[in-house]
Amino acid sequence: MKYSLYCARCGREYDDTGRRVRCDCGGVLDLRFESSFAPDMAVGRPHDLWRYREALPVGDDVVTMGEGWTPLLPVTFDGREFLVKQEQLFPTGSYKDRGAAVLMTHLHELGVKHVVEDSSGNAGCAVAAYSARGGIACDIYVPEDTSPAKTAQIEAYGATLYRVPGTREDTARAALEAAATCVYASHVYSPWFLQGTKTLAYEVAEQLGWTAPETLVLPAGNGTLLLGAYLGFTELMRAEIVSHVPRIVAVQAAACAPLARAFADGLDDPVEVHASHTVAEGIAIVTPARGWQVLAAVRASGGLFVTVSEQEIVASLRDCCLGGWFIEPTSAAVIAGARRYARTAVVGETVVTAFTGHGLKAVAKIAELVGPL
Ligand SMILES: Cc1ncc(COP(=O)(O)O)c(C=O)c1O
Ligand SMILES: [Zn+2]
């Protein structure tokens, strides 16, 4: 498998031991890898994300639970139709399985025996699950106020859970320190995670008859799904499998919007914000490490940012539940953003978005926020 690991800021190359988190200059690391995938290769293969294996820089011994190929379903809000990827249906209940399956396959190939990860919950669940599948010991650091369903899920997979007092950034710091003695299976820093999330683009394109939609509405916390989708559509366009990269509409909670503020001000890096509380815990990221890449991807796609209020998030959560879609509050924030964007969109525009996380992850919070009516 030919690939190289390099710094996205200064270009320096590194050998891949699984242990390097960042460049010495502080920049995040990316992968240089040429996909050799062509649509006819997927014909007759199982319907999971490994049907795009020529687009993934790993070998055949994959750590898998048959994940991927989530349904792309039409769902109507405010009289407008959206195509919604059902990412809440993954084995651990969120799209993070895309990244974790590929990242843990890679670390398993390297012979890694012990990993550490930090998360607002869902990435921790996914890394813990795929570590369990791969026979790898796993320590997960989460903020103290993480939903009990997520912490229970992490521990059920046999991972060791560390609850860290303070902010989400304090949790990330604790994990980074712990990573000095083992491998940091980070959904934010590891470029392998983005190799996994890029399969969303391949699936959407195939589900639309190998075409790209006009618009993609995705969350922007750390931007792990958004960056993966951008990478995937860029690869598909370069290979002339689709004609264009969709316009990316990035959604942040107004209560924590360092990227939306930077975008509005024409800046290349996230701005410092004093975040207030949001029910969308998964996108409450004050200092996204790949923030400049998210801003660059949204700009390059001709896209934009939308911010959503707490009232809009709760209203979308309620509307989704009443429509039969049991999703978690962070996921409802994305739908609120899609609805806000659609008010200005051209009629007939194909807008693809996602239910990113399952409601069973946050039952107590959902009960508090929406029900009973
Ligand atoms: C349910 C859910 N949706 C969306 C996100 C946003 O993550 P990102 O911006 O890294 O794609 C998260 C992150 O934890 C999440 O758990
Ligand atoms: Zn560098």
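Since we're looking at a predicted model, the values are computed, not measured.

1. Things to note about helix H1 (residues 96-109)
Alright, step 1. Over its 14 residues, H1 extends 20 Å from the first C-alpha to the last, a length consistent with the 20 Å expected when each residue adds 1.5 Å.
Alright, step 2. Among the 14 residues of H1, 12 are classified as buried, and the element is accordingly described as predominantly covered.
Alright, step 3. Buried within H1 are the following residues: Lys-96, Asp-97, Arg-98, Gly-99, Ala-100, Ala-101, Val-102, Leu-103, Met-104, Thr-105, His-106 and Leu-107.
Alright, step 4. With its phi angle positive at about 85 degrees, Gly-111 sits one or two positions after the end of H1.

2. Digging into the domain arrangement of the protein
Alright, step 1. Once the domains are mapped, the protein shows domain 1 (4-46), domain 2 (72-93 + 192-370) and domain 3 (96-190).
Alright, step 2. Taking only C-alpha atoms into account, the centre of domain 2 sits 23 Å from that of domain 3.
Alright, step 3. Approximately 2400 Å² of surface area, both sides summed, lies buried where domain 2 meets domain 3, with 52% of it carried by carbon and sulfur atoms.
Alright, step 4. Between domain 2 and domain 3 we count four salt bridges in total.
Alright, step 5. Salt-bridge contacts for Arg-98 lead to Glu-203; the nearest nitrogen and oxygen are separated by 2.8 Å.

3. Section: the packing of aromatic side chains
Alright, step 1. With the rule as written, the count across this model stands at 11 aromatic pairs.
Alright, step 2. Ring centres of Tyr-141 and Tyr-162 lie 4.6 Å apart, and the angle between their planes is 15 degrees; this geometry places the pair in the stacked category. Taken as a pair, Tyr-141 in strand E7 (residues 137-143) and Tyr-162 in strand E8 (residues 160-164) lie far apart in primary sequence, 21 residues in all.
Alright, step 3. Aromatic pair Tyr-184 and Tyr-189: ring centres 6.1 Å apart, planes at 50 degrees, arrangement tilted. Like Tyr-189, Tyr-184 is buried.
Alright, step 4. Between the NZ or CZ atom of Arg-32 and the centre of the ring of Tyr-6, over which it lies, the distance is 3.9 Å.
Alright, step 5. Its end group placed over the ring of Trp-69, Arg-51 keeps NZ or CZ at 4.9 Å from the ring centre.

4. A short note on the site of ligand 1
Alright, step 1. Neighbouring ligand 1 are 17 residues; Tyr-95, Asn-122, Gly-221, Gly-223 and Thr-356 lie closest to it.
Alright, step 2. Between ligand 1 and Ser-120 there is a distance of 3.4 Å, counted from an oxygen atom to a side-chain nitrogen or oxygen.
Alright, step 3. For ligand 1, whose free accessible area comes to 400 Å², the fraction covered by protein is 98%.
Alright, step 4. Of the domains in this structure, domain 2 (72-93 + 192-370) and domain 3 (96-190) are the two that each give at least three residues to the shell around ligand 1.

5. Things to note about the sheet that holds strand E4 (residues 72-77)
Alright, step 1. The sheet built from six strands is open, its strands ordered E4-E5-E13-E10-E11-E12 with mixed pairing. Both edges of this open sheet fall to E4 and strand E12 (304-308), since each of them pairs with a single strand only. This sheet shows a mean twist of 35 degrees between the axes of neighbouring strands, independent of strand direction.
Alright, step 2. Sheet topology note: the strand E10 (residues 215-219)/strand E13 (residues 351-355) ladder contains two bridges and is parallel. The residue bridging Thr-215 from the neighbouring strand is Val-351, located in E13.
Alright, step 3. Lying on the sheet, helix H10 (residues 310-322) is in contact with E4, strand E11 (247-253), E12 and E13; it crosses E12 at an angle near 85 degrees.

6. Re the coordination of the zinc ion (ligand 2)
Alright, step 1. At 2.3 Å from the zinc ion (ligand 2) lie its protein donor atoms, namely Cys-7 (SG), Cys-10 (SG), Cys-23 (SG) and Cys-25 (SG).
Alright, step 2. Every donor counted, the four donor atoms about the zinc ion (ligand 2) form angles of 105 to 120 degrees at the centre, which fits tetrahedral coordination.
Alright, step 3. In primary-sequence terms, the residues that donate to the zinc ion (ligand 2) follow C-x2-C-x12-C-x1-C. Remark: Cys-23 occurs in the loop between strand E2 (13-14) and strand E3 (29-32) and Cys-7 occurs in strand E1 (residues 4-7); sequence separation between them is 16 residues.
Alright, step 4. For Cys-23, a relative accessible area of 5% gives the class buried.

7. Comments concerning the nonpolar core
Alright, step 1. By size, the foremost hydrophobic cluster in this structure holds 41 residues, and its most contacted members are Phe-37, Leu-226, Phe-233, Leu-236, Val-294 and Phe-305.
Alright, step 2. When residues of this core are traced back to their parent elements, those giving at least two are helix H6 (199-207), E10, helix H7 (224-238), E11, helix H8 (258-264) and helix H9 (291-300).
Alright, step 3. Of the residues forming this core, the biggest block, six residues, is contributed by H7.
Alright, step 4. Once you skip the residues sitting within four places of it in the chain, Phe-305 turns out to touch Ala-220, Ala-250, Gln-252, Leu-259, Ala-260, Phe-263, Val-294, Leu-295 and Val-298.
Alright, step 5. Judged by nonpolar contacts, the second largest core, of 36 residues, contains Val-63, Val-102, Val-142 and Ile-154.

Reading the values: rules and limits
Residues numbered from 1 in each chain as written. Chains lettered and ligands numbered in written order. Predicted model: local features only at pLDDT ≥ 70, side-chain atom pairs only at ≥ 80, totals over all residues. Heavy atoms only, no water. Helix = DSSP H or I, 4+ residues; strand = E, 2+ residues; numbered from the N terminus. Expected span 1.5 Å × (residues − 1). Buried < 20%, exposed > 50% of the residue type's maximum accessible area, 1.4 Å probe, protein only. Domains from an automatic or database assignment. Buried area = accessible area lost by both parts, 1.4 Å probe. Salt bridge = Lys/Arg side-chain N within 4 Å of Asp/Glu carboxyl O. Phe/Tyr/Trp six-rings, centres within 6.5 Å; stacked < 30°, edge-to-face > 60°. Lys NZ or Arg CZ within 6 Å of the ring centre and 35° of its normal. Near = heavy atom within 4 Å. Polar contact = N/O pair within 3.5 Å; in protein donor to acceptor, adjacent residues only side chain to side chain. Areas by Shrake-Rupley, 256 points an atom, 1.4 Å probe, with all protein chains shown as cover. Pairing = 2+ DSSP bridges. Axes fitted to C-alpha atoms, helices over the stretch in contact; angles between N-to-C directions. Contact = heavy atoms within 4.5 Å. Donors = N, O, S within 2.8 Å, 3.2 Å for Na, K, Ca; no water. Tetrahedral: all angles 85-135°; square planar, octahedral: opposite > 155°, others 65-115°. Core = buried A, V, L, I, M, F, W, Y, C linked by side-chain atoms within 4.5 Å.

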